[in-house]
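Commentary on secondary and tertiary structure
Each chain is listed here by its residues.
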Amino acid sequence: MAELSLFSIVTYERTPGHWRAAITPIRRSGTSIQGKTISSIVTPDDFASEPDAKFAAEKIIRKL
């Protein structure tokens, strides 16, 4: 289970009433990750409100 504080969540409205969230790991300066690095993840579904999209992003982070 990943910590929410290690990720940045940005919500955006694709079209009126259709919200999604992008999840990006916060990179600390001076650290390196070997292997594959995730740039960002976008919630797979549209949501009716900004808080719903953010909540869905938080659920994805908790599953990591």
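Details of the structure are given in the entry above.
First, a word on what this report is: a plain description of the structure on this page.

A word on the sheet that holds strand 2 (residues 18-25). With antiparallel pairing, the three strands of this open sheet are ordered in space as 1-2-3. Among the strands making up the open sheet, the edge pair consists of strand 1 (7-15) and strand 3 (41-42). Both strand 1 and strand 2 contribute to a ladder of eight bridges, which runs antiparallel. The partner of Ser8 across the bridge, within strand 2, is Thr24.

The next subject is helix 1 (residues 50-63). The first and last C-alpha atoms of helix 1 sit 20 Å apart over 14 residues, in line with the 20 Å expected at 1.5 Å per residue. Those residues of helix 1 lying buried are Ala53, Ala56, Ala57, Glu58 and Ile61. On the buried face of helix 1, the contacting elements are strand 1 and strand 2.

The next subject is the environment of Arg14. Here Arg14 lies in strand 1. It is 8.3 Å that separates the C-alpha atoms of Arg14 and Asp46, two residues lying 32 residues apart in sequence. Apart from the residues within four sequence positions on either side, Arg14 is in contact with Arg20 and Asp46. A distance of 2.8 Å separates the side chain of Arg14 from the side chain of Asp46, its partner in a polar contact.

About the cut-offs
- Residues numbered from 1 in each chain as written.
- Predicted model: local features only at pLDDT ≥ 70, side-chain atom pairs only at ≥ 80, totals over all residues.
- Heavy atoms only, no water.
- Pairing = 2+ DSSP bridges.
- Helix = DSSP H or I, 4+ residues; strand = E, 2+ residues; numbered from the N terminus.
- Expected span 1.5 Å × (residues − 1).
- Buried < 20%, exposed > 50% of the residue type's maximum accessible area, 1.4 Å probe, protein only.
- Contact = heavy atoms within 4.5 Å.
- Polar contact = N/O pair within 3.5 Å; in protein donor to acceptor, adjacent residues only side chain to side chain.

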